Amino acid sequence: MPEEFAVHWQDILTFLSIVTRGWPEILAEQGQMDASLARRLRLETLAQQWQDSPPTTPIIAAGSTGSIPATAALLKTIQALPQGHVVLPPLDRTSAEETWADYRESHPQGALKRLVSTLDVARSEIGTWHRGPAQPNIEARLNAIAAAMAPASAFHAEIQSADPGALQSGLEVIEASTAHEEATAIALLMREALETPEQTAALITPDRRLARHVRSVLSRWDIQVDDSAGEALAATPPARFVLLLAEALAANMAPAPLLALLKHPYFQYAQPRSHILRIARTLDKTVLRGVRPAGGLKALEAHCKDGEAAAFLKDLGQLFAAWPTTPQPAWRLIKQLFEWAETLASGPDGMPFLGGEDGHALATWADAACQPGPGFDAIAPEMIGPLMEALMAGHVVRKRQPGHPRLAILGTIEARMVRPDVAILGGLNEGVWPPAATADPWMNEPMRVSFGLPPHDRRIGLSALDFYQACGAERVVITRTTKQDGAPTQPSRWISRLQAAFGSSLKTGDAVLSWARALNQPSAYKPWPQPRPTPPVSLRPKDVSVSDVERWLRDPYALYAKHVLKLRPLDMMDQPPSAADKGSTIHDALETFFAKHMAALPHDAESALIKAGETSFAKWRDKPGIYALWWPRFVDTAHWVTKEQARLLGRGRRIAGVEVSGHLELAIKGQSWRVRAKADRIDESPDGLVILDYKTGAVPDKKIVHQGLAPQLALEALIAQKAGFGPIQGPVGALEYWGLSTTTTDGPKRDNRFDAERLIEDAEAGLTALFEIFSDPKTPYLHAPAPEYAPYRDYDDLARPEEWRDVPEARGHG
């Protein structure tokens, strides 16, 4: 370690002895060597053989920049052979020596400058390869681009000597607003090229996602295009099937991975595909929604009320019963996965799992992966999926069936070999082309140079050379997107340099962009009107709960969707336990406790309530994170509840009923209307009945309650005064919320700051008015007339408020 570096770098060097000493010893024990070392030894051996016995046949090395030192040494050997020829990429042979000396690794000529130095030749000694007829327009364009890429010391002089008009011929820049727009514009350019006989076009990009997107757009015209990069093995359908199986097993058949496995086209399990999809839909709607039950397939089977689906889950559980729970050799787990995948893929629809090019490539990979050998002797079964995906990295599948003969999608390396008539350079954003610079946690830049390692910006220089070479086509179109996944992007440094040097001379592909935008643009736009359903009175809901009345007041459309259209929102799949689940669990504990102790509390009231809570909270023990959060808070709640209840009993209050059901019937305009309620608790006090509601979340604001937008307690009180709760009847003296939240500053509290008499009168008048208004067949069920009072809306997808809420011509019609 040179003394000029900081002391802490010496510590890093000591740590890196794992690589310099430990790793070679491990490789030696296993009789292996690193791939990079093997490549270097092969190149050095070949160079030595040719030095010792020069071949008599011509040896041509073309297109290499010698970025690997062993490759550069081999090129030097070829150069010295009697019939050796080294053909370089475009080399700057005209710039001044001062400019040439300033070229760094990030410059397009940086790698070639280093190679020329290794070959020990002067630039003037390198000739020009014959390229056919002269193309002065392309030469001038390349000279202008080279000037824009000049080092800072020569930038101004190079720009002054370049011809800005050269960029007007055959070069365009397209800046799309979205990735889809960029892909569509590129696909249109390629489609346009086919209109000219024999014209060829190629998309050149390192962005594989953009390449896939362009292929997808081209398929709308039934145009299939080869992608020279191929398709990653892990992304092929059969590989995804095996990986989904591994993921489902690792997650103990959790709802999301299980459903993804069932919906994969290969899943048949000896049954017609349509039958599997029917079972998948049944499980999706009835079993896999909501909070996941503990216990894997057995638990799902127990919750399944469809006999056919339950039998299917049972068969699946028996098949996977042999999946180990302890660490196993990786090859054994992979073999088991492939055996099960073949079993699950077999069926009457005849879709062979390992058939076709994708299946053959996967079978070849699996055959090698399943060979017992050193390494991965004990791996946890749940890790086999990520391990397989990592081992598949770098394996690609290339289709044998050729695509369109005049179109291609090329990576930057493959593009060096061809020159299409129309070259579309896609994805010109920083981080894509050029790629983002990788940080080195071990060595700074001077240390890398001292150790003989390539500097960080070498890849940028090679990408710059690829960009420069690709600009030599007859027509060049450079594309980028200003946003990626909604986030702003930064243009490639080469676009920035061109704009800085020749901004006014750069042509923009506005015409192509307008085509791309018009391709899916409707000829006319008429906003869909606000929904104003007016079903016949005979179909309107007349038997509603107090919760429905609140929904009715805040969002009439939700009541219409629920009771008239009979639609119910589905729970999220595998959703985490929610505040509603917590609330129902606490309600169950309180109901169990107070149902046993209505008249008086036991001497160990707090312990008894906690015991009731243990029974209610038992279902959450398999979710330790939830249980650890909710249970201590319930214990705090139990302490407050028993203390408060003892104080109320001392004041003469007695529990009259727990979870009491009741109803109220009204006759309005010849129609019978019914309101149902289930009171959490009704107490008897010296001042009359007390209607009580437990709230584990926020207690409704007093203003909201008096406005009638939270009518639950008032309606329950009205039902009680009308003798709707059976034997529990009489005047209501108070309305009361018990806020049981322990996370607020004040902790649990009892809120009875309401004018019960006024609220009951208002509830009766408001309920009568509501029924009268909606007895009119012309009254519509509007969607959230006051959105600020309807924060929770389950039917927005159906009502589509974003289409009409801020469009004046759409509101008030329909």
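Residues numbered from 1 in each chain as written. Predicted model: local features only at pLDDT ≥ 70, side-chain atom pairs only at ≥ 80, totals over all residues. Heavy atoms only, no water.

**Looking at the overall build of the protein**
Link 1 in the chain: When helices and strands are tallied, the protein shows 32 helices and 18 strands.
Link 2 in the chain: Over its C-alpha trace the protein gives a radius of gyration of 37 Å, far above what one expects of a compact globule, namely 28 Å for 814 residues.
Link 3 in the chain: Every one of the 814 residues in the protein was classed for burial, and the buried ones make up 45%.
Link 4 in the chain: For the protein, the share of sequence-separated contacts (at least 6 apart) that also reach a separation of at least 24 residues comes to 75%. (Helix = DSSP H or I, 4+ residues; strand = E, 2+ residues; numbered from the N terminus. Rg over C-alpha atoms; globule rule 2.2 N^0.38 Å. Buried < 20%, exposed > 50% of the residue type's maximum accessible area, 1.4 Å probe, protein only. Contact = heavy atoms within 4.5 Å.)

**Here's the deal with the pairing of strand 14 (residues 654-668)**
Link 1 in the chain: The pairing of strand 14 with strand 15 (residues 671-685) spans 13 bridges and is antiparallel. Each residue of the ladder has a partner; that of G657, found in strand 15, is I682.
Link 2 in the chain: Between strand 14 and the antiparallel strand that follows it, strand 15, lie 2 residues; K669 among them carries a positive phi value of about 50°. (Pairing = 2+ DSSP bridges.)

**Notes on a nonpolar patch on the surface**
Link 1 in the chain: A surface patch of nonpolar side chains, amounting to about 400 Å² of accessible area, comprises F15, I18, V19 and W442.
Link 2 in the chain: The topology assignment puts I18 in helix 2 (residues 17-30). (Patch = residues over 30% accessible without salt bridge, like charges linked within 9 Å, V, L, I, M, F, W, Y side chains within 5 Å. Areas by Shrake-Rupley, 256 points an atom, 1.4 Å probe, with all protein chains shown as cover. Salt bridge = Lys/Arg side-chain N within 4 Å of Asp/Glu carboxyl O.)

**Some points on the pattern of salt bridges**
Link 1 in the chain: Counted according to the given criterion, the structure contains 36 salt bridges.
Link 2 in the chain: For D485, the salt bridge goes to R209, with nearest N and O atoms at 3.5 Å. Of this pair, D485 sits in the loop between strand 10 (483-484) and strand 11 (487-488) while R209 sits in helix 10 (residues 208-218), and the two are 276 residues apart along the sequence.
Link 3 in the chain: What makes R209 partly exposed here is its relative accessible area of 43%.
Link 4 in the chain: A salt bridge links R681 to D683; the nearest nitrogen and oxygen atoms lie 2.9 Å apart. Like R681, the residue D683 is buried in the burial classification.

**Concerning the packing of aromatic side chains**
Link 1 in the chain: Per the counting criterion, the structure on display carries 29 aromatic pairs.
Link 2 in the chain: Between the aromatic rings of W100 and Y103, the centroid separation amounts to 5.7 Å while the plane-to-plane angle is 70°, which identifies the pairing as edge-to-face. The pair formed by W100 and Y103 is uniform in burial state, with each residue classed as buried.
Link 3 in the chain: A centroid spacing of 6.0 Å and a plane angle of 85° characterise the contact between Y266 and F353, whose relative ring orientation is edge-to-face. Of this pair, Y266 sits in the loop between helix 12 (255-263) and helix 13 (273-286) while F353 sits in the loop between helix 16 (330-345) and helix 17 (356-369); the two residues are 87 residues apart in sequence, bridging distant segments of the chain. In this pair, the class of Y266 matches that of F353, namely buried.
Link 4 in the chain: Taken together, the ring pairs connect W552, Y557, Y560, W673, F771, F774 and Y781 into an aromatic cluster.
Link 5 in the chain: The lysine or arginine in question, R681, covers the ring of F594, its NZ or CZ lying 4.7 Å from the ring centre.
Link 6 in the chain: For R681, the ring lying beneath its charged end belongs to W738, and the centroid distance is 4.8 Å. (Phe/Tyr/Trp six-rings, centres within 6.5 Å; stacked < 30°, edge-to-face > 60°. Lys NZ or Arg CZ within 6 Å of the ring centre and 35° of its normal.)

**Considering a positive patch on the surface**
Link 1 in the chain: A surface patch of positive charge is lined by K263, R278, R281 and K285.
Link 2 in the chain: At 3 residues, the largest contribution of residues to the positive patch is made by helix 13.
Link 3 in the chain: Along the polypeptide, R278 turns up in helix 13.
Link 4 in the chain: When its relative accessible area of 41% is taken as the criterion, R278 is described as partly exposed. (Lys, Arg positive; Asp, Glu negative; His and termini not counted. Charge placed at Lys NZ, Arg CZ, Asp CG, Glu CD.)

**Points about the nonpolar core**
Link 1 in the chain: Grouped together as the largest cluster of nonpolar side chains are 57 residues, with contacts concentrated most on F267, F320, W365, I384 and M388.
Link 2 in the chain: Of all the secondary-structure elements, those providing two or more residues to this core are helix 11 (237-250), helix 12, helix 13, helix 14 (296-303), helix 15 (307-319), helix 16, helix 17 and helix 18 (384-392).
Link 3 in the chain: Here W365 is in contact with L233, I334, F338, M388, L391, M392 and H395, once residues within four sequence places are set aside.
Link 4 in the chain: Counting 50 residues, the second-largest nonpolar core is a separate cluster that includes W552, I760, A763 and F774. (Core = buried A, V, L, I, M, F, W, Y, C linked by side-chain atoms within 4.5 Å.)

**Digging into the environment of W515**
Link 1 in the chain: One can find W515 in helix 22 (residues 510-519).
Link 2 in the chain: For the pair formed by W515 and F267, sequence separation is 248 residues and the distance between their alpha carbons is 41 Å.

**Let's talk about helix 30 (residues 756-773)**
Link 1 in the chain: For helix 30, with 18 residues, the first-to-last C-alpha span of 25 Å sits near the 26 Å given by 1.5 Å per residue.
Link 2 in the chain: Residues of helix 30 that are buried include every one of A756, L759, I760, A763, L767, L770 and F771, and no others. The buried residues of helix 30 occupy one face: seen down the axis, they fall within an arc of 100°.
Link 3 in the chain: Against helix 23 (546-554), strand 14, strand 15, helix 28 (702-707), helix 29 (712-721) and strand 17 (732-739) lie the buried residues of helix 30. (Expected span 1.5 Å × (residues − 1). Arc of directions from axis to C-beta.)

**A look at helix 21 (residues 493-502)**
Link 1 in the chain: Residues W494, I495, L498, A501 and F502 constitute the buried set of helix 21. In a view along the axis of helix 21, the buried residues occupy a sector of 135°, so they form one face of it.

**Observations regarding the packing of helix 4 (residues 69-80) against helix 6 (residues 110-119)**
Geometry of a packed helix pair, given as the angle between the helix axes and the separation of the axes.
Link 1 in the chain: Contact pair helix 4 / helix 6: the axes reach a minimum separation of 9 Å and the direction vectors enclose 50°. As far as their axial angle goes, helix 6 and helix 4 are oblique. For the pair helix 4 and helix 6, the crossing hand works out as right-handed. Every residue of helix 6 that contacts helix 4 at A72, L75, K76 and Q79 is listed here: L115, T118 and L119.
Link 2 in the chain: Of the residues belonging to the contact of helix 4 with helix 6, the class tally is 4 nonpolar, 2 polar and 1 charged. (Axes fitted to C-alpha atoms, helices over the stretch in contact; angles between N-to-C directions. Parallel < 35°, antiparallel > 145°, perpendicular 65-115°, else oblique. Left-handed = near helix turned anticlockwise from the far one by under 90°. Nonpolar A, V, L, I, M, F, W, Y, C, P; charged D, E, K, R; others polar.)

**Some remarks on the side chain of D683**
Link 1 in the chain: In this structure, D683 sits in strand 15.
Link 2 in the chain: At 2.7 Å, the side chain of D683 forms a polar contact with the side chain of R653.
Link 3 in the chain: In this view, D683 contacts R653, R654, I655, A656, G688, L689, V690 and L692; residues no more than four positions away in its chain are not counted. (Polar contact = N/O pair within 3.5 Å; in protein donor to acceptor, adjacent residues only side chain to side chain.)

**A word on the sheet that holds strand 9 (residues 475-481)**
Link 1 in the chain: Here we have 6 strands laid out as an open sheet, ordered 7-4-8-9-3-12, and parallel in their pairing. Here the strands that pair on one side only, and so sit at the sheet edges, are strand 7 (407-410) and strand 12 (507-508).
Link 2 in the chain: Sheet topology note: the strand 3 (residues 171-176)/strand 9 ladder contains 6 bridges and is parallel. In the strand pairing of strand 9, A176 is matched with T481.
Link 3 in the chain: Relative to the sheet, helix 20 (residues 458-470) contacts strand 4 (201-204), strand 8 (422-425) and strand 9, its axis offset from that of strand 8 by approximately 150°.

**Some details on unusual backbone geometry**
Link 1 in the chain: Residues W433 and P434 are joined by a peptide bond in cis, for which omega reads 10°.
Link 2 in the chain: Its place among the elements puts P434 in the loop between strand 8 and helix 19 (445-451).
Link 3 in the chain: Although it is not a glycine, A784 sits at a positive phi angle of roughly 40°.
Link 4 in the chain: For A784, the location among the structural elements is in the loop between helix 30 and helix 31 (796-799).
Link 5 in the chain: Assessed through its relative accessible area of 1%, A784 is described here as buried.

**Here's the deal with the environment of A201**
Link 1 in the chain: Relative to the assigned elements, A201 resides in strand 4.
Link 2 in the chain: Taking the C-alpha atoms as reference points, A201 and I60, 141 residues apart in sequence, are found 28 Å from one another.
Link 3 in the chain: Not counting residues up to four positions away in its chain, the partners in contact with A201 are M190, A193, R406, L407, A408, P420 and V422.

**Some thoughts on the pairing of strand 9**
Walk down a regular strand and you will see the side chains alternate between the two sheet faces.
Link 1 in the chain: Taken across its 7 residues, strand 9 has 6 buried, putting it largely inside the fold.
Link 2 in the chain: Bridge analysis of strand 8 against strand 9 gives 4 bridges, and the strand direction is parallel. Among the inter-strand pairings, L425 is bridged to a residue of strand 9, identified as I478.

**Focus on the environment of I460**
Link 1 in the chain: As for its position among the elements, I460 is in helix 20.
Link 2 in the chain: Residue classification places I460 among the buried positions, given a relative accessible area of 8%.
Link 3 in the chain: Once the C-alpha coordinates of I460 and L567 are considered, the two residues, 107 residues apart in sequence, prove to be 57 Å apart.
Link 4 in the chain: Sequence-distant contacts of I460, defined by excluding residues within four places in its chain, comprise S106, P434, R493 and W494.

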